[in-house]
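Working through the structure, step by step
If you want the building blocks of each chain, they are given just below.
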Amino acid sequence: MISRVDEYLHAVPLSGAVAEQVGPFTLFRSTTVWPYYARPVPGAGVTIKPDDVAVLRSRCEELGIPVSFEWVVDTCPSLGPAAAAAGLSVVEHPLLVLERDQLRPATVEARCEILSADDAVLRQARAVASLAFGDPGTAVGAAGPQERDAKASEVADDLIEAVLDRVRRGVTVSAAAFTDAGMVASGQHQPVGTTTEIVGVGTLPSMRRRGLAAAVTSVLAEHAFANGVDLILLSAETRAVAAVYERVGFHRIGTAAAAE
C-alpha cells in the first residue's frame, strides 16, 4: 500500500511538470503557474545525504526555481535528516488512505456538489481555500462570505486559466459545499489511473465545526470511486485535521513530509 501511494505521488506532478533526474531525485520542473518540487525515486532504496541535497539545490539555482522536496517518510527515512542538515526546514504530516468499502459518507445541512469548469465558481473555490489555509487549523475564525467575495476578485487570471485547464482535462476534480451564504467549503481530487489524492480541502474560518470539510471530502470520494478509482490518499496538516478525514473512513498508513 505505501509503495503504491509513493508511486502515485511520483506520477501526479507530470500533469503540470516535466521530470529531470538529479542524483537520487526526480526534479519536477513546472510547466504551469505554480511551482513543483523534487522527490526521491520510488523503490530506489538509497540513503540520501546532505551532499545529494546540495547537488539538487545547485541545479535549482541554475534553473531559478525554489528548492523544495516532498516525500513519504516510510519509504525514504534518510531524506528528512539530510534536508535538515543542509539547512532546509522540514515538516511532517499524517498520511491517510481510504478504500471503497471503508467510506462513511458525511451528511450536512448544505448542498455539496462537483463543480464544472466555470470561471466564477472556480474563483470562489480558490478564494475559500486561500482564506482557509491562511487561517490554519480547525478553530472557528473570523473570515466569512464577505472576505471570500473580496478574495475572489483578487485571484489572478492566469491562475484561474490554469485551474480551468486542469478541470477540463480531468486531472483535477473540484467540489464545494453551499449554504444560503454561498460557497463555504471546497476541495479537489487528482486522479491518476485507479488512485487519486484529495487536496486543498478547506472551509471558510467562520463556518468551521459544522462538518463541511468532511462533507466535501465525501463528495470527492464518491466521485472518485464512481469513476474507476479504488484507492484515495491524502495528507493532513495536523492530527486534529486528520480526525476530520477519519470520520469519513480514512485511516493512517504513514507520514508525508516536505522541506524547503
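Bear in mind that the values here come from a model prediction, so they are computed numbers and not experimental data.

A tally of helices and strands in the chain yields eight helices and eleven strands. The C-alpha radius of gyration of the chain comes to 18 Å, within 12% of the 18 Å expected for a compact globule of 260 residues. In terms of its C-alpha atoms, the chain occupies a principal-axis envelope of roughly 55 × 40 × 35 Å. Buried residues in the chain amount to 47% of all 260 residues. Sequence separation of 24 or more characterises 72% of the internal contacts of the chain that already satisfy a separation of 6 or more.

For the rest of this paragraph, the subject is the packing of helix α4 (residues 119-134) against helix α6 (residues 157-169). Packing of α4 against α6 brings their axes to within 10 Å, and their N-to-C directions diverge by 110°. Between α4 and α6, the angle falls in the class roughly perpendicular. Of the residues in α6, those touching α4 at Asp 119, Leu 122, Arg 123 and Arg 126 are Asp 157, Leu 159, Ile 160, Val 163, Leu 164 and Val 167. Among the residues making up the contact of α4 with α6, the classes are represented as six nonpolar, no polar and four charged.

This next bit is on the environment of Pro 191. By the element assignment, Pro 191 lies in strand β8 (residues 182-192). Separated by 14 residues in sequence, Pro 191 and Pro 205 have C-alpha atoms that sit 28 Å apart. What Pro 191 contacts, discounting residues up to four positions off in sequence, is Gly 170, Val 171, Val 173, Thr 196 and Val 229.

What follows is about the packing of aromatic side chains. Throughout the structure, instances matching the rule amount to four aromatic pairs. Ring geometry for Phe 28 and Tyr 37: centres 6.2 Å apart, planes at 65°, overall edge-to-face. In this structure Phe 28 comes out as buried when scored by relative accessible area, which is 2%. Consider the rings of Tyr 245 and Phe 250, whose centres lie 6.2 Å apart with planes at 75°: the pair is edge-to-face. The same class applies to Tyr 245 and to Phe 250, which are both buried. Connected via pairs of aromatic rings, a cluster forms that spans Phe 28, Tyr 36 and Tyr 37. Arg 111 extends its terminal NZ or CZ atom over the ring of Phe 178, reaching a point 4.4 Å from the ring centre.

Before going further, it helps to examine unusual backbone geometry. A positive phi angle, close to 70°, is found at Arg 209, a residue other than glycine. Here Arg 209 lies in the loop between β9 (195-203) and α7 (212-226). Given the relative accessible area of 65%, Arg 209 is considered exposed.

Time to look at helix α2 (residues 50-63). Taking 1.5 Å of rise per residue, 14 residues should cover 20 Å, and α2 covers 20 Å from first to last C-alpha, within 8% of that figure. In the segment just after α2, Gly 64 is the residue with positive phi, at about 70°.

Tallied over the full model, the rule gives twelve salt bridges. Of the charged contacts, one joins Arg 208 and Asp 135 as a salt bridge, the two residues approaching to 3.9 Å between their closest N and O atoms. Of this pair, Arg 208 sits in the loop between β9 and α7 while Asp 135 sits in the loop between α4 and α5 (145-152), placing them 73 residues apart in sequence. Classification of Arg 208 by relative accessible area gives buried; the value is 8%. Where Glu 154 meets Lys 151, a salt bridge forms, and the shortest distance between an N and an O atom there is 3.9 Å. Judged by its relative accessible area of 56%, Glu 154 is exposed.

Cut-offs used in this document
- Residues numbered from 1 in each chain as written.
- Predicted model: local features only at pLDDT ≥ 70, side-chain atom pairs only at ≥ 80, totals over all residues.
- Heavy atoms only, no water.
- Helix = DSSP H or I, 4+ residues; strand = E, 2+ residues; numbered from the N terminus.
- Rg over C-alpha atoms; globule rule 2.2 N^0.38 Å.
- Buried < 20%, exposed > 50% of the residue type's maximum accessible area, 1.4 Å probe, protein only.
- Contact = heavy atoms within 4.5 Å.
- Axes fitted to C-alpha atoms, helices over the stretch in contact; angles between N-to-C directions.
- Parallel < 35°, antiparallel > 145°, perpendicular 65-115°, else oblique.
- Nonpolar A, V, L, I, M, F, W, Y, C, P; charged D, E, K, R; others polar.
- Phe/Tyr/Trp six-rings, centres within 6.5 Å; stacked < 30°, edge-to-face > 60°.
- Lys NZ or Arg CZ within 6 Å of the ring centre and 35° of its normal.
- Expected span 1.5 Å × (residues − 1).
- Salt bridge = Lys/Arg side-chain N within 4 Å of Asp/Glu carboxyl O.

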